[in-house]
Amino acid sequence: MAKPRVHEVAKQLGVTSKQVLEKLKEMGEFVKGPSSSLEPPVVRKLKAAFPQSKGDGAGSGAKGAHGAAQPGARGGRGVAGRPGPRPGQTGRPGPRPGQRQSTRPGSRPGQTAHPSDARPGAPKPGQQRPAASATGESAPRPAQQRPEGSTTPRPVPHAPTPNAIPRPRGPRPANNPFSPKQHAGARPVPHPRPHPGPRPHAPRPGSFGARRGGFGGPHRVGQGGGARPRPGQPGFGGGPHRPGQGGGFRGGFGGGPHRPGGRGRGGTAGAFGRGGGRNRKSRKSKRMKRQEFEQMEAPTLGGVKVPRGNGETVVRLRRGASLTDFADKIGANPASLVTVLFHLGEMATATESLDEDTFQLLGAELGFKIQIVSPEDEDKEILEQFDVSFDVEDDPDDLVARPPVVTVMGHVDHGKTRLLDAIRHTKVVAGEAGGITQHIGAYQVEADLEGEKRAITFIDTPGHEAFTAMRARGAQVTDIAVLVVAADDGVMPQTIEALNHARAAEVPIVVAVNKVDKPEANPAKIRQQLTEFGLVAEEYGGDTMFVDVSAKTGLGIDKLLDAILLTADADLDLVANPDREARGVAIEANLDRGRGAVATVLVQNGTLRVGDAIVAGTAYGRVRAMFDENGESVEAAGPSRPVQVLGLTSVPRAGDNILVTEDDRTARQIAEKREAAQRNAMLAKTRKRISLEDFTKALEEGKVETLNLIIKGDVAGAVEALEESLLKIEVDDSVQLRIIHRGVGAITESDVSLATVDNAIVIGFNVRPDGKAREAAHKEGVDIRFYSVIYDAIDDIENALRGLLKPEYEEVHTGTAEVREIFRSSKFGNIAGAYVQTGAVTRNSKARVLRGGVVHGDDLTIESLRRFKDDVTEVKAGYECGIGLGSFNDIQVGDEIETYEIREKPRD
Ligand SMILES: Nc1nc2c(ncn2[C@@H]2O[C@H](COP(=O)(O)OP(=O)(O)OP(=O)(O)O)[C@@H](O)[C@H]2O)c(=O)[nH]1
């Protein structure tokens, strides 16, 4: 349904657009003009703000439904044992608690005994809201008066019912306690009941009693209803508060008690940068009332009222969103969300970027399903705003074949670079014209296949790391992977790693058996070795093409190019439409002193032309000039063609997508929006990828179908055994287990990067991540599991697949120390003279000894810890110490002692 415009709503309400605009301004909603469209929550607020209007009918009640909590569900927590609403009671299907209808002046007289009253903070039927507005500022707040005839029992007495206190001109309870503009003394905290003494006020910024345990503390919303702060205590929803600990608050009461007749000037004004100013008192006051009234719709949570979802209501938020963004989406007051979140044990300001977990926590409490928009979707949404899309549907008639794009991968020193050079020098297009070949990140060669000249594009950055790094940015550039294996060396760990990375990307592989010129070369052995990894040569009945080459002599290069083309023809349908505006990817980019930002772009579809307005990630500009790999100027570049592009205002990142836009302005605006999105994402805390615990949930929600695993172990036998056993786990057909990579040795950054791209979980069997990998895993939120018993790993995976995994404890890494000397003592055994590198080493903490990234001794305890001659309890990073591991004496210089703690894992 289209969003209504201001003038339409005005018409509905029987008022003028100008009046609506003014009202909107009062409400702090900034709307341009009569033809601006309005979000549903705003319309709802408006309708409430014009109660006499004709549009204010049953519809508004229906719209209020989003704020209606499930009767009996949530309310049960605050009001134990109270019945839910009984619709029959009023002789008509009464609106559910939280619906505005029931609170309309005299609108539903029969509802005075509506059970919604049983809910703390639920709107009280028959409440004289208009009296509040009629009597102006000195009127009690809307929820404060109970009708004489009300037979409904009051809500549970100690439920926080901030609205129930007759507080003339009292500011709202939900004011932002963090607002710097707030007058410390002007804003009372929601307080359950009147009390004789000065009213506690919201703390000033920085006077957060919470740190001393006096500010609610982590407890669940709804339960707050039961804990009532006593008079004089800082209120705020009534978390556990110990007397004497509220000092933080008291310091904040400087403004003194709430002055009778005072206007609560801090009010909502300025709390979130909206409104404010003395001369707007009366308007503001109305607005406050309006907001209070709005909030009455919803059940109270920790002393404030916020709209509720029904558990299925989806709220989409961008990465790095703040509570204000969330509040906008659900039509709540950001300050209320601050409070609610606080009661969930998390502190955040209204404008601070929050991570997904925090939103999930808040969403779960309020009945909203939070969807954090993925970076890809976010980008799509940005592009949609400009009517641009990266993936365009082409008419099949416009499609023509395009050259394959190839990445060369393989083990160190197996000849990747030399092979790329050999191919370039023998075959580079037009290179023979005497042009000096340049490294621009990619090049194109021409091959002769069955008399037909065909081009192949090679990415000039060899290695699977670069390949996966590009994929991590969402760029899938490679069509075919050439796996280089030196015939004199054989299959090595990185050969397998490269193979797995290519497979994870579902890219076909051609094997180049290199260095066949060497006398010790044994190409047959390579074929046989790779058979074990599922790459069976065609001559052995498989479907992988193996070509013997020598990068040194140039032998077999032609055949390799043929094999690439044949594989492309057999496995892929490489087509593109050259007659459209270009789409591509930045392969490489740098800042050149003379030429400014220089980016090598691989055109994927369409044709890029000099003069085109482009946006590349967060860079934009106009193509000033283009050059090919021979340094020659190019006017146009078609699909699969790499070109160096000049004219961007800044340097894009490798993997950034490139789009041609209608004009410079669009390009600039897209770039700016992306930059803002990136900034927000950076502000958000660690992104959480899939973990073994939430796998089942993700499965149920249809987010995943496969559990991807990466297995790293100390010995090949263990890795194989683990893999075999895991693959034997029988689960129903709806779930699949896929081992996308396995290998021997420490968990590397490259493993983490693969896990990041393919949403995999890393299993470390007697191995640990190296420093960089640990950091990357933390940053990317990759779940790494460590095991030393195969059955434990199998159990965990099996349970995850069956949805039974209930971990309660987790290992928390606390410090690492490098062994630099060994002191032998007959009394204490071997003492490690160690240097603490990270964290801190603590006496009695758990420890393990790593040798070359492999677990050498586990389940140990730091039994003695000394600095010089003194026994100490802790030694921090940057200091040396003596560590005794009890009876474990098998330590060597160079070993790493890792300490950890087993902590209870908070369940999501
Ligand atoms: N005899 C012979 N030597 C080769 C051949 N290909 C590469 N080499 C040599 O092998 C060594 C490693 O080659 P590179 O091309 O640097 O290997 P790489 O795989 O790119 O190595 P990294 O960049 O370290 O990953 C160099 O000394 C090359 O000269 C070949 O076909 N025959």
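Residues numbered from 1 in each chain as written. Predicted model: local features only at pLDDT ≥ 70, side-chain atom pairs only at ≥ 80, totals over all residues.

- The protein chain has the name Translation initiation factor IF-2 in an unreviewed UniProt entry, where Pseudoclavibacter caeni is given as its organism.
- Comment text from UniProt for the protein chain, heading Sequence similarities (unreviewed entry), reads "Belongs to the TRAFAC class translation factor GTPase superfamily. Classic translation factor GTPase family. IF-2 subfamily."
- Under the heading Function (unreviewed entry), UniProt records this for the protein chain: "One of the essential components for the initiation of protein synthesis. Protects formylmethionyl-tRNA from spontaneous hydrolysis and promotes its binding to the 30S ribosomal subunits. Also involved in the hydrolysis of GTP during the formation of the 70S ribosomal complex." (UniProt positions renumbered as here; feature names shortened; annotations may be inferred.)

**Considerations on the nonpolar core**
Working step 1: Core analysis: the biggest nonpolar cluster contains 121 residues, and L483, A512 and I564 have the highest contact counts within it.
Working step 2: Within the second largest apolar cluster, 23 residues are counted, among which are L341, L354, I370 and I372. (Core = buried A, V, L, I, M, F, W, Y, C linked by C-beta atoms within 7 Å. Buried ≥ 20, exposed ≤ 12 C-beta atoms within 10 Å, placed from the backbone.)

**Brief notes about the site of the ligand**
Working step 1: Taken together, 16 residues sit near the ligand, with G415, T417, R418, A551 and K552 positioned nearest.
Working step 2: By residue number, the principal contributor to the shell around the ligand is helix α13 (residues 416–427), which donates three residues.
Working step 3: In terms of residue class, the shell around the ligand is made up of three nonpolar, six polar and seven charged. (Near = placed C-beta within 6 Å. Helix = DSSP H or I, 4+ residues; strand = E, 2+ residues; numbered from the N terminus. Nonpolar A, V, L, I, M, F, W, Y, C, P; charged D, E, K, R; others polar.)

**Structural notes on the sheet that holds strand β6 (residues 405–410)**
Working step 1: The strand order across the open sheet built from six strands is β7-β8-β6-β9-β10-β11, with neighbouring strands paired in mixed fashion. Taken across any chain shown, the strands that pair with only one partner, and hence form the sheet edges, are β7 (442–449) and β11 (545–548). For this sheet, the mean angle separating the axes of adjacent strands, direction not counted, is 30 degrees.
Working step 2: Direction of pairing for strand β9 (residues 480–486) relative to strand β10 (residues 509–514): parallel, over a ladder of six bridges. Note on β10: the bridge partner recorded for V482 is V510.
Working step 3: Lying on the sheet, helix α16 (residues 523–531) is in contact with β9, β10 and β11; it crosses β10 at an angle near 145 degrees. (Pairing = 2+ DSSP bridges. Axes fitted to C-alpha atoms, helices over the stretch in contact; angles between N-to-C directions. Contact = placed C-beta atoms within 7 Å.)

**Comments concerning helix α12 (residues 375–385)**
Working step 1: Within α12, the full set of buried residues consists of E378, D379 and L383. Take α12 and look down its axis: the buried residues cluster within an arc of 135 degrees, on one side only. Along α12, the residues that are exposed and aim more than 90 degrees away from the buried face are E384 and Q385.
Working step 2: The positive-phi residue at the C-terminal boundary of α12 is D387, with phi of around 60 degrees. (Arc of directions from axis to C-beta.)

**Comments concerning the sheet that holds strand β23 (residues 736–744)**
Working step 1: Strand order in the open sheet formed by four strands is β23-β22-β24-β25, and the pairing between neighbours is parallel. In this open sheet, the two strands that pair with only one neighbour each are β23 and β25 (784–787). Along the sheet, successive strands turn relative to each other by an average axial angle of 25 degrees, direction set aside.
Working step 2: Sheet topology places strand β22 (residues 706–713) next to strand β24 (residues 760–765); six bridges connect them, and they run parallel. By the bridge assignment, N708 is partnered in β24 with A760.

**Quick word on helix α17 (residues 557–571)**
Working step 1: Look at α17: 21 Å from first C-alpha to last across 15 residues, which is about the 21 Å you get at 1.5 Å a residue.
Working step 2: By the burial criterion, the buried members of α17 are I557, L560, L561, A563, I564, L565, T567 and A568. (Expected span 1.5 Å × (residues − 1).)

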